[in-house]
Structures are given as C-alpha cells and as structure tokens.
Amino acid sequence: MTEIYYIEDDDNIAQAVKQYLQMKNYVVFTFSTIADAKAALQKHLPRLLLVDWNMPDGEGDMLCRWIRHRWRELPVIFLTVRDDSRDIVAGFNCGADDYVVKPFELEVLLSRIQALLRRTQNLSENYLSCGDIYIDQDRMIVYCCGEEVCLSQTEYQLLLLLMRNKGKTVTRERLLNQIWDNKGDFVNDNTLTVTMKRLREKLNHPSCIKTIRSFGYRMEDGI
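Residues numbered from 1 in each chain as written. Predicted model: local features only at pLDDT ≥ 70, side-chain atom pairs only at ≥ 80, totals over all residues. Heavy atoms only, no water.

Visitor: It is not clear to me how the sheet that holds strand E8 (residues 127–130) should be interpreted in this structure. Could you clarify?
Guide: To summarise the sheet geometry, strands pair through backbone hydrogen bonds and adopt either a parallel or an antiparallel arrangement. One open sheet holds the four strands; their spatial order is E8-E9-E10-E11, and the pairing between them is antiparallel. At either margin of the open sheet sits one strand with a lone partner, and together these are E8 and strand E11 (147–149). With strand direction ignored, the average angle separating the axes of adjacent strands in the sheet is 25 degrees. The pairing of strand E9 (residues 133–136) with strand E10 (residues 141–144) spans four bridges and is classified as antiparallel. By the bridge assignment, Tyr-134 is partnered in E10 with Tyr-143. Contacts between helix H6 (residues 153–164) and the sheet are confined to E8, E9 and E10, with E9 contributing the most and set at about 105 degrees to the helix. (Pairing = 2+ DSSP bridges. Helix = DSSP H or I, 4+ residues; strand = E, 2+ residues; numbered from the N terminus. Axes fitted to C-alpha atoms, helices over the stretch in contact; angles between N-to-C directions. Contact = heavy atoms within 4.5 Å.)

Have a look at this one:
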C-alpha cells in the first residue's frame, strides 16, 4: 500500500482527502502541526507528502525546505488557498514538486499524485534514518543534522549494519564477524570499540546509538 502523509490543520479538509484517497487504496496519515510531521518523518518516510502552507506552528515552505535539506527526492505537493503567482513561485522555489490551490477537485488531486508517483522512486527503500542521522544507500552518503558526514569504510559499514537492524541489539561478535572477519582481517575486540568511538565523535555523540553493556549496540529513535 502506498503511504501518504498529509500535513493540514483543518480537520474537515484533512479527513475528506484522507477518506477519498483511502478509497483509492492509499494509506493516509494526517498531521495537524509541522512538529508532529517532522517527528513522523524522522521515523519513517512515506511515498509522498501533501502540505498545507499556513500551519499553527509555522509555514509549509519552512517544512519543505527542512525536507529538501534531508531528502532531496521526497515528493511534495502543496495544497493551499494561497493562489498568488508569487506564492506559487515561492512554493516551487522551496522545493515543492507540485502546487494545488484550494478548493480543488479530489479527482484532480488524485491524478497529480499518480503522475508524481510514476516518476519518483520509493525513498523508504533507499534512505535509512534514526534520530538526526540519515543514510542514502544508493550514494553511500551519511547525513547528521542535515550535514554530510565523511566516514571511513568501516565506520560506514558499522553504522549501516546498526541502521538496518534499528530497534534490535546487534552483538559485538556479529559486528566483528560481518564487518571485519568476512574480509579475512584479524581483529580484536578493541578494534570495534575504537571504531565506535570515532563514529560517535563524527556524529556528534548521538543519543540514538545505545551501548548495551556486555552485549553490543542498538540504534533506536528517541521517545
């Protein structure tokens, strides 16, 4: 099922759009604040976002810029009453892929969603995230707080393995075997400790990387 996040503070509009799209076999999650939308995006990426401009805790263009700083290809459609040409231009300039002015026909919105999805990939399959850390697996790039971080090959592999097992404790033995021993390298337990120390330093000591004493490490989103 295709997931869509809809950021809209008018509950009547949000529910009308949600019900219609769910009839068309989409899964729609609604958020009435930008803060709630950001928290959800940091845990899971949908296929597409629908964004209202005027929100109680900020404006949609701010959210769009925040998204573009992290996920350049995540599809975004503005749904807004702001129909001035300057607003439309501003919407595209901040990173929107499409701009729909309220009121709109639900059938037209559906067509625009389908057209946009046809030419975009499913980012949730390519991006891994935990807290403020993101991995673009295609390009093998790591971002922390929106900034690219340069990691060594072993640091990247360590982070990737933990990310792919987010929420699970990965034992020190497994990390040593999968990252080092599969290359025929002889390493001791201290190698992992030193690599983790360097990784944490480069990522500004993130709270989402947990040390599980006597076992290993676990990555988990903050509560």
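Let's pick the thread back up.
Visitor: What should I look at first to understand the environment of Val-108 in this one?
Guide: Mapped onto the elements of the fold, Val-108 is located in helix H5 (residues 106–118). Taking relative accessible area as the criterion, Val-108 reaches 41% and is therefore assigned partly exposed. Distance from Val-108 to Ile-88, taken between C-alpha atoms, is 18 Å for residues 20 residues apart in sequence. (Buried < 20%, exposed > 50% of the residue type's maximum accessible area, 1.4 Å probe, protein only.)

Visitor: Honestly, the side chain of Arg-70 in this entry has me stumped. Any pointers?
Guide: Its place among the elements puts Arg-70 in helix H3 (residues 60–70). Of the buried charged residues, Arg-70 lacks a salt bridge, with Asp-132 as the closest side chain of opposite charge at 5.2 Å. For Arg-70, the residues in contact, after removing those within four places along its chain, are Tyr-127, Tyr-134 and Cys-145. (Lys, Arg positive; Asp, Glu negative; His and termini not counted. Salt bridge = Lys/Arg side-chain N within 4 Å of Asp/Glu carboxyl O.)

Visitor: How should I be thinking about the pattern of salt bridges in this particular structure?
Guide: Pairing of side chains with opposite charge becomes possible as their charged atoms draw close. What the rule picks out here adds up to 13 salt bridges. With a closest N to O distance of 3.2 Å, Asp-61 and Arg-65 form a salt bridge. Note that Asp-61 and Arg-65 are positioned in helix H3 at a spacing of four residues, about one turn of the helix. The partner of Arg-68 in a salt bridge is Asp-97, and the shortest N-O contact between them spans 3.0 Å. A residue pair is termed long-range when its members are at least 10 positions apart, and Arg-68 in helix H3 and Asp-97 in the loop between helix H4 (85–93) and strand E7 (98–101) qualify at 29 residues.

Don't take any of this as a statement about function, it's just geometry.
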